[in-house]
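Listed here are the chains, written in short residue letters.
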Amino acid sequence: MSLSTFKTVIAVIIGGFLVSGIYISVLVVKRQGALQQISAYNPSWEASQAASEFIRFEHRLSEFERPGSGVDKDEVALRYDILVGRVKMLNEGDFHALLTRHPEHQLTLRQLNEALLTLEPVINGLERPGSVQRVLDTLRPFEGSLSRIASAVLNYGSELVQKDQQELIRLHWAFSGIAAVLILIGLVLIGLLNRHNRLLGRAHQELHVLAHQDALTGLPNRVVLRNELEQALARVKPQGRTVAVSYLDLDHFKDVNDSFGHETGDELLKAVSDRLKACIPVHGVGQVKNLISRFGGDEFAILQTGIRKPDECAALASRIVDALREPFSVNGQEIFIGTSIGIALAQGNVTPSQILKHADMALYYAKADGRGTFRFFEPDMDAQLQARRALEVNLRKAMTNGEFELFYQPQINLKDNEIGGFESLLRWHHPERGLVPPSEFIPVVEDTGLIIPLGDWIMEQACKEAAGWPRNINVAVNLSPVQFRNRSLVQSVSRALALSGLDPNRLELEITESVLLQDTEATVSTLHQLRRLGVRIAMDDFGTGYSSLSYLRSFPFDKLKIDQSFVREMSQRADCLAIVQSVASLGASLGMPTVAEGVETEEQLLQIQAAGCTDAQGYYFGRPKPAHDMVHTLDALRRTTKVA
């Protein structure tokens, strides 16, 4: 029974008690009235008294005439007055109302009353001869009438008493029935209250469990871990065993939710919980005790007490990373994730909030290191994190203050010995620090999601500026994996082309293999939508991924860009030269141009030409410059190169 239903039942019962109480009060009043009526009303007694007085009066008259009877005139007059009073009572009040049912008796009493009134002078002169006989003759017709009236009144009184008794019995049963119903309702109410108390007790237990247990995985929640951490820190002794907190964050979990749905994501979290239980001894080993907790979302935490040295935490973290790297089978899907772990040890007089904050900082740096690893908290992490947060604030201001600018680096067509296009590169002019290196702020822009609005600005600005270049020169724009998770990417590119009027065939979008790692089907679908706009798609940093060739099968790219790490080491490492030659040969076989990035020397230029690369890019041809300093012919570059 829900609480609202229970409240309704209680309200109905209380209303029933009120109505029953009012009705019982009415019944009591009626019962008291009936008893009062029976006790106060006795018409049969009045009728019998009148008949008795009539007989006594006649008897006294008869005795008055007999000498020596001792009855005098005054006694006869007294009996006369009493008889007149009795007859008068019969003609008034309740008895008169009774006689309305018998008109003949009412007429008799009226005649008797008139006769008695006419006899008053006779009674006063009773000593005169013939007076007694006259009175007796006048009253003789009424001798039987009074007896009949008394008998009728007696019968009526019996009927009335019987009816009143029946009414009393009815009132008694009604009163008893209501009392019994109220008693039954009271018992039901007591039962409901008892059941409600049991439900409240059960709900209290469930709330207690929910307050201390994660509903999805059944693991202890944040509250439990914090309480245990407080107690553990209170027991820590100097130079003794210490306490450690490890924060776990699942890698690529958002991609699982986006690709397979939240139901699959929940099942994956349960599977992760089971795997953590399997690889972490809950009761610990020796003096080391472990507590696994889910903090919410895809975040877990492990409290270790009785730790003697950091290696124990490192061993556990390494075991967890290896365990969660293995594939999960969820709802018929094979899912690969991983985890990053931040570890904080209780050092000095640290509070629970501080050690949790330290673990969170270490987790951040573990993810920054490439995920799938763990990091211990270090004191300088706090300062670095504060610097990063300041950088985030400055980046948000930079977008509104117009501090970003696009620089362009030329891409040389080796066959035509001309500039075939420019790659747009983002630069940040900080008002105090000057030009901030992209390697410093680009990761922050991607992590904070600022890459979405900033990417739209880059796309629109690059298309706008390229629209003023010679029509044979293209512009290349790099796309972040974060932008591919944004469903409005295709609309953003289409809008930039429409606003600038740039021919779509002159726009080249560069993506890395990390984009394809996110969700192959959705990503390939987006790439095909972009292709339908008329733009060109290039794979950047080709060769650095572990499944590059499979990507070439899933989508027909327009260009391959060889990562600069291979180009720079071609002279020192034969394997790098072999990779460049292999990619150039692959591109030629598939009909794709190949761009060698990072060309800085003439020797490297000659090597990539010999390897079969069709295009080149690097400092050898010129450093990135803003749009107003650009030139559009190879001869005009500061470092002119004669290409055979």
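A brief look at the structure comes next. Predicted, not measured: the structure shown is a model, and the values here were computed from it. (Residues numbered from 1 in each chain as written. Predicted model: local features only at pLDDT ≥ 70, side-chain atom pairs only at ≥ 80, totals over all residues. Heavy atoms only, no water.)

1. Quick look at unusual backbone geometry
And step 1. Positive phi, close to 50 degrees, is recorded for Asn331, a residue that is not glycine.
And step 2. Of note, Asn331 is situated in the loop between β4 (328-330) and β5 (333-335).
And step 3. Under the relative-accessibility criterion, Asn331 is labelled exposed at 51%.
And step 4. Although it is not a glycine, Asp541 adopts a positive phi angle of roughly 55 degrees.
And step 5. Within the fold, Asp541 resides in strand β13 (residues 536-542).
And step 6. For Asp541, a relative accessible area of 22% gives the class partly exposed. (Helix = DSSP H or I, 4+ residues; strand = E, 2+ residues; numbered from the N terminus. Buried < 20%, exposed > 50% of the residue type's maximum accessible area, 1.4 Å probe, protein only.)

2. A short note on the nonpolar core
And step 1. Core analysis: the largest hydrophobic core is formed by 72 residues, its most contacted members being Leu507, Leu509 and Ile608.
And step 2. Per element, the largest residue contribution to this core is seven residues, and it comes from helix α16 (residues 451-466).
And step 3. Once residues lying within four places of it in the same chain are set aside, the contact partners of Ile608 are Leu414, Val567, Met570, Ala596, Val599, Cys613 and Ala616.
And step 4. Within the second largest apolar cluster, 31 residues are counted, among which are Leu269, Cys279, Ala323 and Leu324. (Core = buried A, V, L, I, M, F, W, Y, C linked by side-chain atoms within 4.5 Å. Contact = heavy atoms within 4.5 Å.)

3. Brief notes about the side chain of Asn257
And step 1. Looking at the element boundaries, Asn257 is found in helix α10 (residues 253-260).
And step 2. Among residues more than four places away in sequence, those in contact with Asn257 are His262 and Gly265.

4. Some remarks on the environment of Val224
And step 1. Examined against the element boundaries, Val224 turns out to sit in helix α9 (residues 222-235).
And step 2. Taking C-alpha positions, Val224 is 8.0 Å from Ser293, a pair spaced 69 residues apart along the chain.
And step 3. Excluding residues that lie within four positions of it along the chain, Val224 makes contacts with His212 and Leu291.

5. So, the environment of Gln461
And step 1. Take Gln461: it is sitting in helix α16.
And step 2. Gln461 gets classed as partly exposed once you look at its relative accessible area, which sits at 22%.
And step 3. Taking the C-alpha atoms as reference points, Gln461 and Ser424, separated by 37 residues in sequence, lie 9.7 Å from one another.
And step 4. With sequence-adjacent residues up to four places away left out, Gln461 is seen in contact with Leu406 and Tyr408.

6. Focus: the sheet that holds strand β1 (residues 242-250)
And step 1. Spatially, five strands are ordered β2-β3-β1-β6-β7 in an open sheet, and the strand pairing comes out mixed. On the outer flanks of this sheet lie β2 (289-296) and β7 (374-376), each paired with one strand and no other. Strand-to-strand twist across the sheet, computed as the mean angle between neighbouring axes with direction ignored, equals 20 degrees.
And step 2. As defined by bridge partners, strand β6 (residues 339-345) adjoins β7 across three bridges and the pair is classed as parallel. From the neighbouring strand, Ile341 faces β7, where its bridge partner is Phe374. (Pairing = 2+ DSSP bridges. Axes fitted to C-alpha atoms, helices over the stretch in contact; angles between N-to-C directions.)

7. Concerning a nonpolar patch on the surface
And step 1. Together, Ile183, Leu184, Leu187, Val188 and Ile190 make up an exposed nonpolar region whose accessible area comes to about 510 Å².
And step 2. Looking at the secondary structure, you find Val188 in helix α8 (residues 143-212).
And step 3. A relative accessible area of 43% places Val188 in the partly exposed class. (Patch = residues over 30% accessible without salt bridge, like charges linked within 9 Å, V, L, I, M, F, W, Y side chains within 5 Å. Areas by Shrake-Rupley, 256 points an atom, 1.4 Å probe, with all protein chains shown as cover. Salt bridge = Lys/Arg side-chain N within 4 Å of Asp/Glu carboxyl O.)

8. Here's the deal with the pairing of strand β8 (residues 404-413)
And step 1. Along β8, eight of the ten residues are buried, which leaves the element largely enclosed by surrounding structure.
And step 2. When β8 meets strand β9 (residues 418-430), the two strands line up antiparallel, connected through ten bridges. When the sheet's bridge partners are listed, Pro410 is paired in β9 with Phe422.
And step 3. Hairpin connection between β8 and β9: a loop of four residues separates the two successive antiparallel strands, and Asn417 in this loop has a positive phi of roughly 55 degrees.

9. Structural notes on the packing of aromatic side chains
For any pair of aromatic rings, the description rests on two quantities: the centre-to-centre distance and the angle between the ring planes.
And step 1. All chains considered together, the criterion is met by nine aromatic pairs.
And step 2. A ring pair is formed by Phe374 and Phe376, whose centres lie 6.3 Å apart and whose planes are at 80 degrees; its orientation type is edge-to-face.
And step 3. Classification of Phe374 as partly exposed rests on a relative accessible area of 24%.
And step 4. Between the aromatic rings of Tyr620 and Phe621, the centroid separation amounts to 5.2 Å while the plane-to-plane angle is 90 degrees, which identifies the pairing as edge-to-face.
And step 5. Taking the relative accessible area as the measure of exposure, Phe621 reaches 0% and is therefore buried.
And step 6. Above the plane of the ring of Phe328 lies Arg275, whose end atom (NZ or CZ) is 3.6 Å from the centre.
And step 7. One cation-aromatic arrangement involves Arg623 over Tyr619; the distance from NZ or CZ to the ring centre is 3.9 Å. (Phe/Tyr/Trp six-rings, centres within 6.5 Å; stacked < 30°, edge-to-face > 60°. Lys NZ or Arg CZ within 6 Å of the ring centre and 35° of its normal.)

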